[in-house]
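# An overview of the molecular structure
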Amino acid sequence: MAFVVRLQNMKPWFTTALPAFALLTSCASTTDGAKGINKREMHALEENYYWKSGYSPPQFAKGDLERLMDRSADPTLDGEYAEGQASSVAVALATVGDEHFASTLATRSEEAQSAVIGDVSYMWRHYNLRYPMTQAIASSIQQGEQGSGGQPATRSESK
């Protein structure tokens with residue numbers, strides 16, 4: 001089951017479909033990459049990922065995070081729909097923490113991994129947030145693409 005969520009600070013007509021999830025009251029952490037959204041992550045999410053500090057972070061049921069990551073590889077995503085997807089993935093990283101996010105990402109297809117890294121790499125490149133396990137996957141992908149002459153996925157670089 002999917003919910004259609006209107007992202008409040010986007011154009012009024014924009015909605016995005018998100019997997020069904022239960023909401024938590026609040027879950028904050030003090031370090032980047034820990035489970036829960038800390039103040040530095042909150043700043044990045046509010047500034048670039050259409051998040052509001054009053055929102056309740058999502059809780060992902062079995063399979064929800066996997067489906068969210070796989071959706072990033074959908075070649076039909078473009079424009080504001082792609083931005084909505086990137087926002088959902090970035091919130092997921094901050095919410096579930098680096099360890100859970102990276103271990104799930106490691107099980108996804110190369111296409112999904114590359115797309116997800118494109119969605120979230122702005123968080124460490126621009127905001128200096130640290131997600132060592134997820135960043136290690138990004139480095140591995142980048143090394144593989146450089147070795148094959150390909151270019152890394154950079155869908156979120158237009159932010």
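Residues numbered from 1 in each chain as written. Predicted model: local features only at pLDDT ≥ 70, side-chain atom pairs only at ≥ 80, totals over all residues. Heavy atoms only, no water.

### Considering the packing of helix H3 (residues 79-96) against helix H4 (residues 98-105)
In the contact formed by H3 and H4, the axes pass within 6 Å of each other and the chain directions differ by 125 degrees. Taken as axis vectors, H3 and H4 run oblique relative to one another. Residues Val 89, Ala 92, Leu 93 and Val 96 of H3 touch H4, and the partners they reach there are Asp 98, His 100 and Phe 101. By residue class, the composition of the contact of H3 with H4 is 5 nonpolar, 1 polar and 1 charged. (Axes fitted to C-alpha atoms, helices over the stretch in contact; angles between N-to-C directions. Helix = DSSP H or I, 4+ residues; strand = E, 2+ residues; numbered from the N terminus. Parallel < 35°, antiparallel > 145°, perpendicular 65-115°, else oblique. Contact = heavy atoms within 4.5 Å. Nonpolar A, V, L, I, M, F, W, Y, C, P; charged D, E, K, R; others polar.)

### Details of the environment of Arg 130
Following the sequence through the fold, Arg 130 ends up in the loop between helix H5 (110-125) and helix H6 (132-147). Arg 130 sits 32 residues away from Asp 98 along the chain, and the two C-alpha atoms are 8.7 Å apart.

### Topic: H4
Asp 98, Phe 101, Ala 102, Thr 104 and Leu 105 are the residues of H4 that are buried. Looking straight down H4, one finds its buried side chains confined to an arc of 165 degrees; they lie on one side. (Buried < 20%, exposed > 50% of the residue type's maximum accessible area, 1.4 Å probe, protein only. Arc of directions from axis to C-beta.)

### Side note on the pattern of salt bridges
Applying the stated criterion to the full structure yields 3 salt bridges. In this structure, Arg 67 engages Asp 64 in a salt bridge whose closest nitrogen and oxygen atoms are separated by 2.7 Å. Placement of both Arg 67 and Asp 64 in helix H2 (residues 64-71) is noted, with a separation of 3 residues, approximately one turn of the helix. Given the relative accessible area of 6%, Asp 64 is considered buried. Between Asp 70 and Arg 108 there is a salt bridge whose closest N-O contact spans 2.7 Å. Of this pair, Asp 70 sits in helix H2 while Arg 108 sits in the loop between H4 and H5, and the two are 38 residues apart along the sequence. Accessibility expressed as a relative area gives 32% for Asp 70, which makes it partly exposed. (Salt bridge = Lys/Arg side-chain N within 4 Å of Asp/Glu carboxyl O.)

### So, unusual backbone geometry
Despite not being glycine, Tyr 50 has its phi angle at roughly 60 degrees, a positive value. For Tyr 50, the location among the structural elements is in the loop between helix H1 (39-48) and strand E4 (58-59). Although it is not a glycine, Asn 128 adopts a positive phi angle of roughly 55 degrees. Following the sequence through the fold, Asn 128 ends up in the loop between H5 and H6.

### Comments concerning the confidence of the model for the protein chain
On average, residues of the protein chain carry a pLDDT of 78, and 70% of them reach 70 or more. No element of the protein chain has a lower mean pLDDT than strand E3 (residues 22-23), which averages 32, and none a higher one than H2, which averages 98. A low-confidence stretch, residues 151-159 stays under pLDDT 50, and its non-local contacts, those more than four residues away or across chains, total 22 contacts. (pLDDT = per-residue confidence, 0-100.)

### Describing the packing of H3 against H5
Where H3 meets H5, the closest approach of the two axes is 9 Å, and the angle between their N-to-C directions is 65 degrees. When the axes of H3 and H5 are compared, the pair comes out roughly perpendicular. In this structure, H3 crosses over H5, and the sense of that crossing is right-handed. Along its contact with H3, which presents Gln 85, Ala 86, Val 89, Ala 90 and Leu 93, the element H5 presents Val 116, Asp 119, Val 120 and Met 123. (Left-handed = near helix turned anticlockwise from the far one by under 90°.)

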